[in-house]
Structure formats: structure tokens, C-alpha cells
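Chain by chain, the residues:
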Amino acid sequence: MRREREESYIDYSMIFIILFLLAFGLIMLYSTSSYEANLDYGDSAYYFKHQLIPSILGLVGMVVLSYIPYRIYARLAMPIYIAAAALLVAIIPFGKTINGAKRWIIIAGVSIQPAEVAKVAAIIFTATMIIKLKKNLTTLKGFGIALMFPAVLAGMVYIITRNLSSAIIIMGITVVMLFISTPGYRMYIIVAVGVLAFAAALVVIIANSNQTSGMNYRFERVLAWLDPQAHASGKGFQTLQALYAIGSGGIFGKGLGESMQKMGFIPEAQNDMIFSIICEELGLFGAIAVMLMFLLLIWRLMVVANNAPDMFGALLVIGVMGHIAIQVILNIAVVTNTIPNTGITLPFISYGGSAVIIQLAEIGIALNVARNIGRD
């Protein structure tokens, strides 16, 4: 028992980073949402309270999962995949519509977003498939099989919930895991160039389109991305207000709680636009500090993946790292108008109970892989 205790590795750096991000996120969530929460619900701490409970539950889940042997997920991969798909299907008859989007279901009084469950299911299932396929991944058939199952989940997320951003994240996680697992980068470079060329062509077509009435709202977002001021009263309003917030923050910001843009100018600022309020209240200094914390978290996950006891454990951690990295990059890119608005939240900081619970669960899995470093 003493030998086992000595060989058990606990990544305290990762734990500290997670606790910091959660605490910082709750502080910024209260600062960002207090004005609108007081107007809408008569309680300035409404969003704070609704995020605090999932954060505590997520931390408990993270601790519990850090003690559950990660190898068990290889046997549970298919049941977890089926459960995620079943939750997505359940949205059709039982889904709850919030802000015009039908993406949640209520189970025992708890609101669950199945798209978040699908993300962790994709990580576990893809890791299992990569281990089973092994050298066959280098063939077109093997690669297609590994890509097919997450693609089905991503397709269900998009078709059922109309949540394109979550579908993109699921496929992004899968591609990252496959990229790390297979030798040779030629195929990925060809696919990346093809996707970029298609996206560029689509942007050119949309930009030169003379018909704007009746246009798909995602196409409208592309036009708003190209020229936010020309669409200031429509799809460009939120982005434009976020840019005002970032610009007015300066180097050190206006001070915690002193944001003006959160006073009803940025709709639902506590969700995907919370980074703009961080920039306004804490300035460039605060924004860089947050990005550095995420970089440190990704670095710690890379260290754990590189030292994992086996390939399956490394793939699980790579999946978690890919999930967090993709969401952070896309969220900051949206807020700064680097890419069109996609509605992607900032991990551990943006408002969303299901998201923070799933993200902390993923960290718990990564901590268990870390715990097994150095063991036979």
C-alpha cells in the first residue's frame, strides 16, 4: 500500500488552474450578469447561484472520476455512445426551448444539454476505436470507420438541435485525436486546404450576393463578420458592442464591476461574450492573464498525455485537451471578430451548468490518467 501511495501522481498544478478558472469565472459571471439578472428576475445573483451549484457538483464529480480507473471507459465506450445518442433523440419529444433554441431536456428537475454529453462520448469512443483499429488507421477504410461514429453524433447534434458550433467541436476533437494517432500529415494538410478553400469560396459567394432578405441566419452572420457596422442593428450588433467593450478596456481596464457594455448593450453577455467584459473591466492585462491560465492548463494536459501509462490514457487526455483548446480559441476568435459568430462558450467561465459539469468530468478523467503515471 505504501508503494502504491508513493507511485500515485497527483497533478496539483492542474487542480490549482481549474480552481482558479472556476473561481474567476464565478466572479466575472456575477459582475457580468448582475444588472440583467436584477432587471429580469429581481435578483442580481440569479445567474451566479445557478452556476455555483453545477460548479460544486462538477468539482465533486471531478474528484470522484479522478479515482475511477480510466481503462474502464474502454469497456463502456459503446453504452456511453448510445446513451449520448439517446439523449439527443429525446430532445425531439421532450426538449425544452430556451431563447428560441430547442437544445435542453429536463431530467428530475435538472436541465441537461445533450450536446455537451455528446462531446465526452466522442472522446471516449474515438479513443477506443483508435486502439482497436491500430495500424488500420493509415488506410482510408480504417480512417473512415474512426471518423464515422463521431460524425454521426455531430450530425445528430446539428440536425436535432441546430447547434452547428457543438457539431464542429465534436468533429474538431475527433480530428485532433486522429491527427496525433496516425503517422504522416499529407492527408490532413490536403483536407485542411480543401476545407479552407471551401470556406473562402462560400464567404466570397455570400459577400457578393445581392439578396439579403430571407437569407439563412448563418449567412447573415458571415456578412456581419465582414462588416459589423453595416449590420449594427441586426446580426452585427452583439459583435460590435463586444468590440466596443474590448477597445474601451485599455491596458488595465475600467475596474471589476465597472463595465458599461453589460448594461443591456451586449445581449446574454454572460454566455459566449463574457470575454469581452473581462477585457473591458480588467483590460488587456486581464485578458492575457486568462489566456495564460488556459495555456498552462493545455500544457499540463500535454505533460500528462506524454507520460500516460498507455495509448488509451494518452488519447483520453488528448481528447480533453483538444476540447478545451478548440473552445477557447474559437470563443476568443468570435469575441474579437476574427471569425463569424458561432455561439461557442468559454470553458469554466461562461454561464452553463451542463457545460461546466462535463468539462470538470473530463478533467477528472485526465487526473485519473495522471494518477496512474509511474505505475505498472
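Residues numbered from 1 in each chain as written. Predicted model: local features only at pLDDT ≥ 70, side-chain atom pairs only at ≥ 80, totals over all residues. Heavy atoms only, no water.

*Asks:* Can you walk me through the packing of helix H12 (residues 311–335) against helix H13 (residues 353–371) in this structure?
*Replies:* When two helices pack together, their arrangement is given by the angle between the helix axes and the distance between those axes. Across the interface, H12 lies against H13 with an axial gap of 9 Å and an inter-helix angle of 145°. The chirality of how H12 crosses H13 is left-handed. Between H12 and H13, the residues in contact are Gly313, Leu316, Val317, Val320, His323, Ile324 and Gln327 and Gln359, Glu362, Ile363, Ile365, Ala366 and Val369, respectively. Class assignment for the residues of the contact of H12 with H13 results in 8 nonpolar, 4 polar and 1 charged. (Axes fitted to C-alpha atoms, helices over the stretch in contact; angles between N-to-C directions. Helix = DSSP H or I, 4+ residues; strand = E, 2+ residues; numbered from the N terminus. Left-handed = near helix turned anticlockwise from the far one by under 90°. Contact = heavy atoms within 4.5 Å. Nonpolar A, V, L, I, M, F, W, Y, C, P; charged D, E, K, R; others polar.)

*Asks:* Hey, could you run me through the side chain of Ser165 in this one?
*Replies:* By secondary structure assignment, the location of Ser165 is in helix H7 (residues 164–181). Once residues within four sequence positions are removed from consideration, Ser165 is found in contact with Thr342, Gly343 and Ile344.

*Asks:* What is the right way to read the nonpolar core from this model?
*Replies:* Here is a general trend for soluble globular proteins: nonpolar side chains tend to be buried in one another's company. With 97 residues, the main nonpolar core has Leu297, Phe348 and Ile363 as its most contacted residues. Ranked by the residues each element gives to this core, the list is headed by H12, at 15 residues. Residues within four places of Phe348 in sequence aside, it is in contact with Ile18, Leu21, Leu22, Gly25, Phe294, Leu297, Ile324, Val356, Gln359, Leu360 and Ile363. (Core = buried A, V, L, I, M, F, W, Y, C linked by side-chain atoms within 4.5 Å. Buried < 20%, exposed > 50% of the residue type's maximum accessible area, 1.4 Å probe, protein only.)

*Asks:* Please clarify how the environment of Thr345 should be interpreted in this entry.
*Replies:* Position of Thr345 among the secondary structure elements: in the loop between H12 and H13. Note: C-alpha distance between Thr345 and Gln270 (75 residues apart in sequence) is 9.3 Å. For Thr345, the residues in contact, after removing those within four places along its chain, are Asn271, Asp272, Gln327, Asn331 and Ser350.

*Asks:* Would you mind going over the pattern of salt bridges with me for this structure?
*Replies:* In total, this model carries 6 salt bridges according to the counting rule given. Between Glu281 and Lys262 there is a salt bridge, with its nearest N and O atoms 3.1 Å apart. Here the residue Glu281 occupies a position in helix H11 (residues 274–306), and Lys262 occupies one in the loop between helix H10 (237–249) and H11, the gap between them amounting to 19 residues. Assigned by exposure class, Glu281 and Lys262 land together as buried. (Salt bridge = Lys/Arg side-chain N within 4 Å of Asp/Glu carboxyl O.)

*Asks:* Can you walk me through H10 in this structure?
*Replies:* Quick reminder: α-helices carry 3.6 residues per turn. Residues three or four places apart thus point the same way. Along its 13 residues, H10 runs 19 Å from first to last C-alpha, staying within 8% of the 18 Å computed at 1.5 Å per residue. Along H10, the residues classified as buried are Gln238, Thr239, Leu240, Gln241, Ala242, Ala245 and Gly249. Residues of H10 that are buried sit in contact with H11 and H12. Positioned one or two residues after H10, Gly250 has a phi angle of 65°, which is positive. (Expected span 1.5 Å × (residues − 1).)

*Asks:* Looking at this structure, I do not really get the environment of Phe252. What am I missing?
*Replies:* Within the secondary structure, Phe252 is located in the loop between H10 and H11. Overall, the relative accessible area of 62% leaves Phe252 in the exposed class. Separated by 236 residues in sequence, Phe252 and Phe16 place their C-alpha atoms 24 Å apart. Discounting chain neighbours no more than four positions away, the residues touching Phe252 are Glu281, Leu282, Gly283 and Phe285.

*Asks:* Got a minute to help me understand H12 in this structure?
*Replies:* Under the 1.5 Å per step criterion, the end-to-end length of H12 is 36 Å for 25 residues, consistent within 8% with the ideal 36 Å. Among the 25 residues that make up H12, 22 are buried, leaving the element largely enclosed by the rest of the structure. Just past H12, the residue Asn337 takes up positive phi, approximately 60°.

*Asks:* When you look at the environment of Ala115 in this model, what are you seeing that I'm missing?
*Replies:* On the secondary structure map, Ala115 appears in helix H5 (residues 114–133). The sequence separation of Ala115 and Cys279 amounts to 164 residues, and the corresponding C-alpha distance is 29 Å. The residues contacting Ala115, other than those within four sequence positions of it, are Leu88, Val157, Asn163 and Ser166.

*Asks:* Could you clarify how one ought to interpret the sheet that holds strand E1 (residues 96–98) in this entry?
*Replies:* Backbone hydrogen bonds are what pair the strands of a sheet, in a parallel or an antiparallel way. The strand order E1-E2-E3 describes an open sheet built from 3 strands, whose pairing is antiparallel. Each of the sheet's edge strands pairs with one partner strand only, and the pair in question is E1 and strand E3 (110–112). Across the sheet, the mean angle from the axis of one strand to that of its neighbour is 45°, orientation sign disregarded. In this structure, strand E2 (residues 101–107) lies alongside E3, joined through 3 bridges in antiparallel fashion. When the sheet's bridge partners are listed, Ile106 is paired in E3 with Ser111. (Pairing = 2+ DSSP bridges.)

*Asks:* Would you mind showing me how to read the packing of aromatic side chains here?
*Replies:* The geometry of an aromatic ring pair comes down to the distance between the two centres and the angle between the two planes. According to the stated counting rule, one finds 11 aromatic pairs in the structure shown. Ring centres 5.3 Å apart and planes at 85° place the aromatic pair Tyr46 and Tyr47 in the edge-to-face group. The partly exposed category is assigned to Tyr46, whose relative accessible area is 22%. Using a relative accessible area of 6% as the deciding quantity, one classes Tyr47 as buried. Ring geometry for Tyr81 and Phe125: centres 4.7 Å apart, planes at 40°, overall tilted. Pair noted here: Tyr81 is in helix H4 (residues 72–94) and Phe125 is in helix H5, with a separation of 44 residues, a long-range link. (Phe/Tyr/Trp six-rings, centres within 6.5 Å; stacked < 30°, edge-to-face > 60°.)

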